[in-house]
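Residue-level structural notes
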Amino acid sequence: MSICIVSCLLSKSLIYRVIYEVSFCLVIVLATMHMKLKNSFLEYVGVNLFGLYILQRIPMMYFKQTVFFDNKYLYVAACLLATFILNFLFNKFVKLIKL
């Protein structure tokens, strides 16, 4: 059903598409405001979002030059794992500096 809605919106004018996209984002934001997701992984990512964001590019640049880049699934898995390891080390280093 959603594929039908999207295809109809894409064939219509731009204003219908913009209204659909804004209303979709609004529904998602309002729905997540009323839900409490008690997931330890999401909590970890939320707390460490800055470190993950700034460190994600380092493994991507490194693994692009290796054999991992040929297989996209292995490349993504290696980048994710390396990013989380770098973030863990980054947090340890920041806590060491703060004293």
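What counts, and where the lines are drawn
- Residues numbered from 1 in each chain as written.
- Predicted model: local features only at pLDDT ≥ 70, side-chain atom pairs only at ≥ 80, totals over all residues.
- Heavy atoms only, no water.
- pLDDT = per-residue confidence, 0-100.
- Helix = DSSP H or I, 4+ residues; strand = E, 2+ residues; numbered from the N terminus.
- Contact = heavy atoms within 4.5 Å.

Time to look at the confidence of the model for the protein chain. Confidence in the prediction for the protein chain averages 83 pLDDT; 87% of positions are at 70 or higher. Averaged pLDDT values for the elements of the protein chain fall to 58 in helix α1 (residues 2-11) and rise to 90 in helix α6 (residues 72-98).

As a further point, take the environment of F88. Mapped onto the fold, F88 is located in helix α6. Distance in space between the C-alpha atoms of F88 and N48 is 9.0 Å, their sequence separation being 40 residues.

Let us look at the environment of F63. Mapped onto the secondary structure, F63 falls in helix α5 (residues 57-64). Along the backbone, F63 and A82 are 19 residues apart, and their C-alpha atoms lie at a distance of 9.7 Å. Setting aside chain neighbours within four positions, we find F63 in contact with F68, F69, Y75, A78, C79 and A82.

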